[in-house]
Amino acid sequence: MSPRPDPPAATDATRIGFAGLAAGPIERTLRLEAPAEQLGDLPLPFERLDLEIEIRRMGERAGSKGVRARGTLKARARVECRRCLDPVQLIVTAKWDALFRSPARIAPGEEGVWALDPEAGELDLAGPVREELWVRAPRYVECAADCRGLCPTCGTRLADEGCGCPPPGPDPRWAALGGLQG
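So, here is what we can say about the structure in this document. In this text, all values refer to a predicted model and were calculated from it rather than measured experimentally.

### Brief notes about the overall build of the protein chain
And step 1. Per the secondary structure count, the protein chain includes 3 helices and 7 strands.
And step 2. The order of α-helices and β-strands along the protein chain, N terminus first, is β-β-α-β-β-β-β-β-α-α.
And step 3. Looking at the protein chain residue by residue over its 182 residues, the buried ones come to 34%.
And step 4. Within the protein chain, counting contacts between residues at least 6 apart in sequence, those at least 24 apart form 57% of the total.
And step 5. Within the structure as shown, the protein chain displays about 11,800 Å² of accessible surface, and the carbon and sulfur contribution to it stands at 50%.

Structure below.
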């Protein structure tokens, strides 16, 4: 996977205060319009992101003191089919889970754990949500599994009509291998 640039500074929409967490879990529902503006570089041009969030304080057992944030996300994007270039509406849904701990309590290489400043009074959920979108978004989008795409010669959409282009000839780069047949 190619490296992604650092995200912009988190906005208020991706920061959740946890001052009342001692009284019980905090639950929120958020809708982010143009989520790339708040989350940074995303794998697809998502138009909207809906988040359901639950935040709980973790106990002392086994040194796991920290804060857990989890929930569901539903992101919508309008992209082009990679074969025929028709517009496709894509919905990405996922459950996500992130644990926030003091940097001193995070083991090297530990996945799903995010640093939490012990003096902080809020969680920045931009990182975990952005990561989940990168993991869940499809690499290639097609309008249908049997999409025939476009003719590479004339550009005709092959699902609508056949084209009159002659079939392509053999690739001259393979000609040297033709003499190897016994």
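There is more to say after this.
### As for the sheet that holds strand β4 (residues 66-80)
Within a beta sheet, neighbouring strands are joined by backbone hydrogen bonds and run either parallel or antiparallel to one another.
And step 1. Pairing is mixed across the open sheet formed by 5 strands, whose spatial order is β2-β3-β4-β5-β6. Unpaired on one side and paired on the other, β2 (26-33) and β6 (113-115) mark the two borders of the sheet. Adjacent strand axes in the sheet meet at a mean angle of 25 degrees, parallel and antiparallel pairs treated alike.
And step 2. Most of the contacts of helix α2 (residues 126-136) go to strand β5 (residues 87-101), to which it runs at about 135 degrees, and overall it touches β3 (46-58), β4, β5 and β6.

### Considering unusual backbone geometry
And step 1. Notably, A34 is not glycine yet its phi reads approximately 50 degrees, a positive angle.
And step 2. Residue position: A34 is located in the loop between β2 and α1 (36-39).
And step 3. Judged by relative accessible area, A34 falls into the partly exposed class, the value being 29%.

### Examining a nonpolar patch on the surface
And step 1. A surface patch of nonpolar side chains, about 380 Å² in accessible area, is lined by W174, L177 and L180.
And step 2. Relative to the assigned elements, W174 resides in the loop between α2 and α3 (175-178).

### A look at the packing of aromatic side chains
And step 1. If you walk through the whole model with that rule in mind, you get 0 aromatic pairs.
And step 2. Positioned over the ring face of Y140 is R82, at 4.1 Å from the centre of the ring.

### Notes on the pattern of salt bridges
And step 1. For the structure on display, the rule yields 14 salt bridges.
And step 2. Across the pair E122 and R15 runs a salt bridge, and its minimum N-O distance is 3.2 Å. Here E122 is found in strand β7 (residues 122-124), whereas its partner R15 is found in strand β1 (residues 15-17), with 107 residues between them in sequence.
And step 3. For R15, a relative accessible area of 32% puts it in the partly exposed group.
And step 4. One salt bridge in this structure joins E47 and R76, with 3.1 Å as the shortest N-O distance.

Parameters and conventions
Residues numbered from 1 in each chain as written. Predicted model: local features only at pLDDT ≥ 70, side-chain atom pairs only at ≥ 80, totals over all residues. Heavy atoms only, no water. Helix = DSSP H or I, 4+ residues; strand = E, 2+ residues; numbered from the N terminus. Buried < 20%, exposed > 50% of the residue type's maximum accessible area, 1.4 Å probe, protein only. Contact = heavy atoms within 4.5 Å. Areas by Shrake-Rupley, 256 points an atom, 1.4 Å probe, with all protein chains shown as cover. Pairing = 2+ DSSP bridges. Axes fitted to C-alpha atoms, helices over the stretch in contact; angles between N-to-C directions. Patch = residues over 30% accessible without salt bridge, like charges linked within 9 Å, V, L, I, M, F, W, Y side chains within 5 Å. Salt bridge = Lys/Arg side-chain N within 4 Å of Asp/Glu carboxyl O. Phe/Tyr/Trp six-rings, centres within 6.5 Å; stacked < 30°, edge-to-face > 60°. Lys NZ or Arg CZ within 6 Å of the ring centre and 35° of its normal.

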